[in-house]
Amino acid sequence: MKDYSMGKLRNVGLISHGGVGKTSLAEAMLFNAGETNRLGKVEDGTTVSDCHDDEIERKISINTSLLHYEWKHHKVNLLDTPGYSDFLGEVRGALRVVETGVVLINAVSGVEVGTEQVWEFAEEEDASRIFFINRMDKENASFEKTVDMLKDRFGMKVVPVQFPVKEGDGFHSFVDLIHKKLVTCTTDGSGKATESAIPADLKDKADELHEKLVEAIAESDDEILEKYFEEGKISAEDFKTGLLKGIKEKNIFPVLVGAALHNIGVKELMDFIVNFAPSPAEFPEVVGQDIKSGEEIVRKASPDAPMASLVFKIISELHVGEFSCFRVFSGVMRVGDEVLNPNQNSTEKIGQIYILNGKNRKEVSQVSAGDMASVVKLKNTHAGNTLCDKKEPILLKGIKFPEPVIRVAVEPKSKGDEEKIGVGLQTIHEEDPTFISRFDPELRQTIIQGQGELHLAIVVRRLKDKFGVEVDLAEPKIPYRETIKGKAEVQGKYKRQSGGRGQYGDVWIRLESRNRGEGYEFVDAIVGGVVPGKYIPAVDKGIQEAMTEGVLAGYPVVDVKATLYDGSYHSVDSSDMAFKIAGSMAFKKAFLEAKPILLEPIYDVEVKVPEEYLGDVMGDLSSRRGKIQGIDAEGPFQIIRAKVPLAELYRYSTSLRSMTQGRGIHRRKFSHYEEVPRDIAEKIIAAAKQEKENENK
Ligand SMILES: Nc1nc2c(ncn2[C@@H]2O[C@H](COP(=O)(O)OP(=O)(O)OP(=O)(O)O)[C@@H](O)[C@H]2O)c(=O)[nH]1
Ligand SMILES: [Mg+2]
């Protein structure tokens, strides 16, 4: 493939709620461009983009695919992202490196929770957006209703540039409002289309919508607006430059229609992308940070500038290795270069560079500013890292990956695999930062966290396929805490006399509760040296050790104040050890007398669902001991904010998915610790005792 100048490149991400047709659209685009000679189907597992076993099996996208095609003397890099909510991190990565997002909308169900989510990401990454209303061939498809919903949610900048003649079964033609003509497509998947004059009965509607488009263009540029006011119309030239500018500056979100599965409206979208989506050349500056001072660096986004690129996705191919997909923002990346990874403070050698279309790979020798490709066998580069010229270092903005929403414990199926599992999980995290794994020494469990159950199921499978180890998933333990509500004054006396030198330590401590989060405080209130100063740190230490072991159920004690106010010593038998034991004894006794309680972690949970599920979701949250904090309407959605104990959130994403037919999503964040209700606390304490007995057997 020839090296395209920046103006001839387009970087486009396909984004939407799950299953709207992104992969089918990508397939039709590659077919129309001659990259493939048959139109594959997601249903048959034959698309270029969904080429991994998991994707073929489940008929959904799991990875962002880096695809490309040539169209009318342009090269388009196409990122087909997954829509399933477990893989939203992929969408983040993709939107970080494209100029334009094509937002697919289901012509039947309109704006969905996932649409809102990807829209928010696109907004944060400041990407231009083009709507493609897909599935126009489906029963109950409605262009008008969908456009109204888009305007309602995303504002009046939403402007149709096409409209369909017939919806549902007979959909195969639409009016092109830019060129004012009728486009009629074949329904055989070939993508062939003929153009003709707009039929008389559609003329008025076409004129009206064309005028709306003209107004939108005029409003997005002051000069054009002035001419429009003076002359009542705008020139063809202004129409074109105005539309381009409006889209680039996010003042116009054009709406196109089609049916990706039948390759209808796809060529016209491809034309639209090369004609009206911004090219990398329209963003002349790359902004990054000086790796030492952290100060902003601005450099030219051109092939002549020093090289700066960002790795946005790592795809692991069995038996081949890792492909690190990257976008060059300035300069040229060449095979043989030694480049700097400022995030890891290491260097990487650029071996083979490939451009990809699913499993199809073509080797290239270099990649210039604005373009994308992938490089194999990097040593230590993660998704979101910069690769740059060693002599001109720069740190580009990384990728904001979503926080985990699910935690599960893993246990090896066979003993002795622990280390391999640890290495495997770490490697998977490096490839996919939305997955986190860590051994929790307190719970004595390896806890893995991710974006949903499917996400973790896929991690487990990778562990098996790639690292040859199998794990079972288990319910993770909850990091409870112990504390007191009352106050106690107690003596701890440790005295041993067994021939030779004895042991003697005697302390009185006052144990009081502190506010949540205030931690532990030790106060030395000894007067007159009844406990010599040199032993006092030992008392403190004894208390702290007892606190980590816990008293009620073996969980760490928090938020207590211990005051050492009296005691006695023996000039020969006293020692640090004896006072440490005395402190610990006093603490345990005092703790039990001071109204001990268990604390549990409470999470802030935010659930977003279409209105019709509000009742079910609230009822379910209450049954999980959740306390509703508020409900806000956001268009057709309701956002419920609640505080819910972590212990009740196990498998929540799955329950929510089934409760809302996949139309609800949730986010969670640790909030605070709170007292466990008495009946539940009793069960936890009994279970802890049982476990301890079992261990001691
Ligand atoms: N009738 C009809 N079905 C379509 C159309 N586009 C896609 N489909 C079907 O919808 C299903 C999902 O299509 P995909 O292309 O996998 O959708 P996606 O957006 O890539 O899905 P995810 O990547 O999992 O979010 C498949 O069964 C497609 O055959 C369309 O225009 N009309
Ligand atoms: Mg897909």
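Worth saying up front: this structure is predicted, and the values here are computed from it rather than measured.

**Student:** Would you mind going over the overall build of the protein with me for this structure?
**Tutor:** When you go through the protein residue by residue, the secondary structure sums to 16 helices and 37 strands. By its C-alpha atoms, the protein is 110 × 60 × 55 Å across when sized along the principal axes. Per-residue burial over the protein gives 46% buried out of 697 residues. Look at the contacts in the protein between residues 6 or more apart in sequence, and 72% of them connect residues 24 or more apart.

**Student:** Explain the nonpolar core to me, please; I cannot follow it from the model alone.
**Tutor:** Nonpolar side chains in soluble globular proteins tend to end up buried together. Counting 133 residues, the largest nonpolar core has F131 and F326 as its most contacted members. Counting 30 residues, the second-largest nonpolar core is a separate cluster that includes Y494, L564, F579 and A594.

**Student:** What is the right way to look at the pairing of strand β33 (residues 560-568) in this model?
**Tutor:** Residues in a regular strand point their side chains to alternate faces of the sheet. Inspection of the sheet shows strand β31 (residues 503-513) paired to β33 by 8 bridges, in the antiparallel sense. If you follow R510 over to β33, its bridge partner there is T563. The pairing of strand β32 (residues 521-524) with β33 spans 4 bridges and is classified as parallel. Across the sheet, the residue bridging to V523 is T563, located in β33.

**Student:** Even after reading the chapter, I still don't get the site of ligand 1, so can you show me in this structure?
**Tutor:** Surrounding ligand 1, one finds 23 residues, the nearest of these being G21, T23, I60, S61 and G83. Looking at which element gives the most residues to the shell around ligand 1, the answer is helix α1 (residues 22-32), with 3 residues. Tallied by class, the residues present in the shell around ligand 1 amount to 8 nonpolar, 9 polar and 6 charged.

**Student:** Explanation requested: the domain arrangement of the protein in the structure shown.
**Tutor:** Accessible area lost during the coming together of the parts is what is often quoted as the interface size. As far as domains go, the protein holds domain 1 (6-282), domain 2 (285-396), domain 3 (406-474), domain 4 (481-594) and domain 5 (600-679). Just the C-alpha atoms count here: the centres of domain 1 and domain 5 sit 34 Å apart. Of the residues lining the interface, 9 residues belong to domain 1; the matching set on domain 5 comes to 8 residues. Those elements that place two or more of their residues in the side of domain 1 that touches domain 5 are α4 (113-125) and α5 (143-154). The element contributing the most residues to the side of domain 1 that touches domain 5 is α4, with 3 residues. When its residues are assigned to classes, the side of domain 1 that touches domain 5 shows 2 nonpolar, 3 polar and 4 charged.

**Student:** Can you walk me through helix α6 (residues 200-219) in this structure?
**Tutor:** Side chains three or four residues apart in an α-helix point the same way, a direct result of the helix having 3.6 residues per turn. In this model α6 runs 29 Å from its N-terminal to its C-terminal C-alpha over 20 residues, within 8% of the 28 Å that 1.5 Å per residue would give. Of the surrounding secondary structure, the elements contacted by the buried residues of α6 are β6 (158-160), α7 (222-231) and α8 (236-248).

**Student:** Teacher, can you tell me more about the pairing of strand β30 (residues 487-496) here?
**Tutor:** Looking at chain direction, β30 and β31 are connected through 10 bridges and run antiparallel. In the strand pairing of β31, Y494 is matched with G505. The turn linking β30 back onto β31 is made up of 6 residues, and G499 within it adopts a positive phi angle of 60 degrees.

**Student:** When you look at the environment of A582 in this model, what are you seeing that I'm missing?
**Tutor:** With respect to the element layout, A582 can be found in helix α13 (residues 576-593). Judged by the 30 C-beta atoms lying within 10 Å of it, A582 falls in the buried class. Taking C-alpha positions, A582 is 6.0 Å from D506, a pair spaced 76 residues apart along the chain. In this structure, A582 is in contact with G492, K493, Y494, G505, D506, V507, V539 and G542, ignoring residues within four places of it in sequence.

**Student:** What's the story with the packing of α6 against α8 in this structure? I'm lost.
**Tutor:** Describing two packed helices takes the angle between their axes plus the distance from one axis to the other. Contact geometry for α6 and α8: axes closest at 8 Å, N-to-C directions at 70 degrees. The angle between the axes of α6 and α8 places the two elements in the roughly perpendicular class. α6 and α8 meet at a crossing whose hand is left-handed. Seen from α6, the contacting residues are A216, I217 and A218; seen from α8, they are F239, G242, L243 and G246. Class assignment of the residues belonging to the contact of α6 with α8 gives a composition of 5 nonpolar, 2 polar and no charged.

**Student:** Help me understand the sheet that holds strand β9 (residues 181-185) in this model?
**Tutor:** Picture the strands of a sheet paired through backbone hydrogen bonds; they go either parallel or antiparallel. The sheet built from 4 strands is open, its strands ordered β7-β8-β9-β10 with antiparallel pairing. The sheet terminates laterally at β7 (162-164) and β10 (193-196), the two strands that pair on one side only. Recorded for the sheet is a direction-independent mean angle of 25 degrees between the axes of neighbouring strands. Here strand β8 (residues 173-176) pairs with β9 via 4 bridges, running antiparallel. The residue of β9 that forms the bridge with V175 is L182.

**Student:** Help me understand the sheet that holds strand β18 (residues 346-349) in this model?
**Tutor:** Pairing in this open sheet of 8 strands is antiparallel, and the strands run β18-β17-β23-β14-β15-β22-β19-β20 from one edge to the other. Only two strands of the sheet have a single partner each, and these edge strands are β18 and β20 (360-364). Each strand of the sheet is rotated relative to its neighbour by a mean of 40 degrees, with strand direction disregarded. By the bridge criterion, 3 bridges tie strand β14 (residues 308-317) to strand β23 (residues 386-389) in an arrangement that is antiparallel. Paired with S309 across the strands is L387, a residue of β23. Lying on the sheet, helix α3 (residues 88-97) is in contact with β14, β15 (321-330) and β22 (372-376); it crosses β14 at an angle near 145 degrees.

**Student:** I keep staring at unusual backbone geometry and nothing clicks. Help me out?
**Tutor:** Residues other than glycine predominantly adopt negative phi, and peptide bonds predominantly adopt the trans conformation. Unlike most non-glycine residues, K59 shows phi in positive territory, near 60 degrees. Looking at where K59 falls in the secondary structure, it is placed in the loop between α2 (53-58) and β2 (65-71). Judged by the 15 C-beta atoms lying within 10 Å of it, K59 is partly exposed.

**Student:** Explain the packing of α1 against helix α9 (residues 266-276) to me, please; I cannot follow it from the model alone.
**Tutor:** Axis separation between α1 and α9 bottoms out at 9 Å; the angle between their running directions is 80 degrees. Our classification of the angle between α1 and α9 gives roughly perpendicular. Taken together, the residues of α9 that come into contact with α1 (itself represented by L25, A28, M29 and N32) are V266, K267 and M270. Among the residues forming the contact of α1 with α9, the class breakdown is 5 nonpolar, 1 polar and 1 charged.

**Student:** Mind showing me how you'd approach the environment of I448 here?
**Tutor:** With respect to the helices, strands and loops of the structure, I448 is situated in strand β27 (residues 445-450). We classify I448 as buried; it has 27 C-beta atoms within 10 Å. Counting along the chain gives 405 residues from I448 to E43, while the straight-line C-alpha distance between them is 32 Å. Discounting residues that sit within four places of it in the chain, I448 has contacts with V408, V410, L425, S437, L456 and V459.

Thresholds applied
- Residues numbered from 1 in each chain as written.
- Chains lettered and ligands numbered in written order.
- Predicted model: local features only at pLDDT ≥ 70, side-chain atom pairs only at ≥ 80, totals over all residues.
- Helix = DSSP H or I, 4+ residues; strand = E, 2+ residues; numbered from the N terminus.
- Buried ≥ 20, exposed ≤ 12 C-beta atoms within 10 Å, placed from the backbone.
- Contact = placed C-beta atoms within 7 Å.
- Core = buried A, V, L, I, M, F, W, Y, C linked by C-beta atoms within 7 Å.
- Pairing = 2+ DSSP bridges.
- Near = placed C-beta within 6 Å.
- Nonpolar A, V, L, I, M, F, W, Y, C, P; charged D, E, K, R; others polar.
- Domains from an automatic or database assignment.
- Expected span 1.5 Å × (residues − 1).
- Axes fitted to C-alpha atoms, helices over the stretch in contact; angles between N-to-C directions.
- Parallel < 35°, antiparallel > 145°, perpendicular 65-115°, else oblique.
- Left-handed = near helix turned anticlockwise from the far one by under 90°.

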